Amino acid sequence: MSNAEIMAMHQYLTFTLGDELFALDIGWVKEILDNTNITRIPRMPDFIRGVINVREKAIPVIDLRLKFGMSGTVFTTNTCIIIAEVRTEGDCILIGLLADSVQEVLELEQDRIDPPPRMGSAVDTRFLIGLGKLNERFVLILDIGRVFSNEELSTARNAGGMATENIETVVSASACP
């Protein structure tokens, strides 16, 4: 394989939401967690399911199914949380993305990716980089930077901040004599 061919390949983490297969550039993915306890934060949009504690940091968890207009995630043994980095207004935050299941990391050459479909997709095509062609199946490649508005990311960040304040409050309260 030539250097040009290697440069033209991208790696994607694939996951499912319902019957749809999605992909996320592996460069955005920080880790994958099994389903864990999610602490609900009051007065958040429905698609922000709450926060999880990842090494003493409160990470907001997003239900992509709700964000994309599907029914909410039903937790099973295959449910995973993909921790991804999302950039906003010169900053970045870590968010957890609920997935029905995580499949594999695959490599796609640029010529195997078509522009997003204009219609017939379960997801708003503004959220897509393209449509990857696998053997007999297609994969919807997400542009995670377009999935959330700055306001939604700010709300998610605040959810993490509120939870962190609560954790700190609990820690401070427990340290009091």
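Definitions and cut-offs
Residues numbered from 1 in each chain as written. Predicted model: local features only at pLDDT ≥ 70, side-chain atom pairs only at ≥ 80, totals over all residues. Heavy atoms only, no water. Helix = DSSP H or I, 4+ residues; strand = E, 2+ residues; numbered from the N terminus. Contact = heavy atoms within 4.5 Å. Areas by Shrake-Rupley, 256 points an atom, 1.4 Å probe, with all protein chains shown as cover. Pairing = 2+ DSSP bridges. Axes fitted to C-alpha atoms, helices over the stretch in contact; angles between N-to-C directions. Core = buried A, V, L, I, M, F, W, Y, C linked by side-chain atoms within 4.5 Å. Buried < 20%, exposed > 50% of the residue type's maximum accessible area, 1.4 Å probe, protein only. Salt bridge = Lys/Arg side-chain N within 4 Å of Asp/Glu carboxyl O.

The name an unreviewed UniProt entry gives the protein is Chemotaxis protein CheW, with Solidesulfovibrio magneticus as the organism.

Enquirer: Go over the overall build of the protein with me, naming the residues and quoting the values.
Expert: Summing up its helical and strand segments, the protein has 4 helices and 11 strands in all. For the protein, restricting intrachain contacts to residue pairs at least 6 apart in sequence, the fraction spanning at least 24 positions comes to 56%. Element-wise, carbon and sulfur atoms account for 49% of the exposed surface of the protein, whose accessible area totals about 10100 Å².

Enquirer: Describe the sheet that holds strand E6 (residues 80-88), with residues and values.
Expert: Strand order in the open sheet formed by 5 strands is E3-E6-E7-E5-E4, with mixed pairing between adjacent strands. Because the sheet does not close on itself, it has two edges, and the strands there are strand E3 (29-34) and strand E4 (48-54). The average undirected angle you get between the axes of adjacent strands in this sheet is 35 degrees. Of the pairings in the sheet, the one linking strand E5 (residues 57-63) to strand E7 (residues 91-99) comprises 3 bridges and is parallel in character. Across the sheet, residue isoleucine 62 finds its bridge partner in E7, namely leucine 97.

Enquirer: I'd love a proper account of the nonpolar core, names of residues and values included.
Expert: Within the largest apolar cluster, 34 residues are counted, with the highest numbers of intra-cluster contacts made by Leu64, Leu97, Leu142 and Phe148. Take this core: its biggest share by element is 4 residues, from E7.

Enquirer: For the pattern of salt bridges, give the residues involved together with the corresponding values.
Expert: Using the criterion set out here, one finds 8 salt bridges in the structure. Between glutamate 31 and arginine 55 there is a salt bridge, with its nearest N and O atoms 2.3 Å apart. Pair noted here: glutamate 31 is in strand E3 and arginine 55 is in the loop between E4 and E5, with a separation of 24 residues, a long-range link. With a closest N to O distance of 2.3 Å, aspartate 124 and arginine 126 form a salt bridge. A relative accessible area of 30% places aspartate 124 in the partly exposed class. Exposure remark for arginine 126: the relative accessible area of 56% places this residue in the exposed category.

Enquirer: An account of the environment of isoleucine 48 is needed here, citing residue identities and associated values.
Expert: The residue isoleucine 48 is located in strand E4 in this model. In sequence terms isoleucine 48 and valine 61 are 13 residues apart; their C-alpha atoms lie 5.8 Å from each other. If we ignore the near neighbours within four places in the chain, the residues touching isoleucine 48 are Arg40, Val61, Ile62, Glu152, Thr155, Ala156 and Ala159.

Enquirer: Provide a residue-level description of the pairing of strand E10 (residues 128-133), including the pertinent values.
Expert: The pairing of strand E9 (residues 113-114) with E10 spans 2 bridges and is antiparallel. Following the sheet pairing, isoleucine 113 is matched in E10 by glycine 132. Taken together, the 5 bridges between E10 and strand E11 (residues 138-142) define a ladder with antiparallel strand orientation. Within E11, the position partnered with leucine 131 by the bridge is leucine 140. Adjacent in sequence and paired antiparallel, E10 and E11 are bridged by 4 residues.

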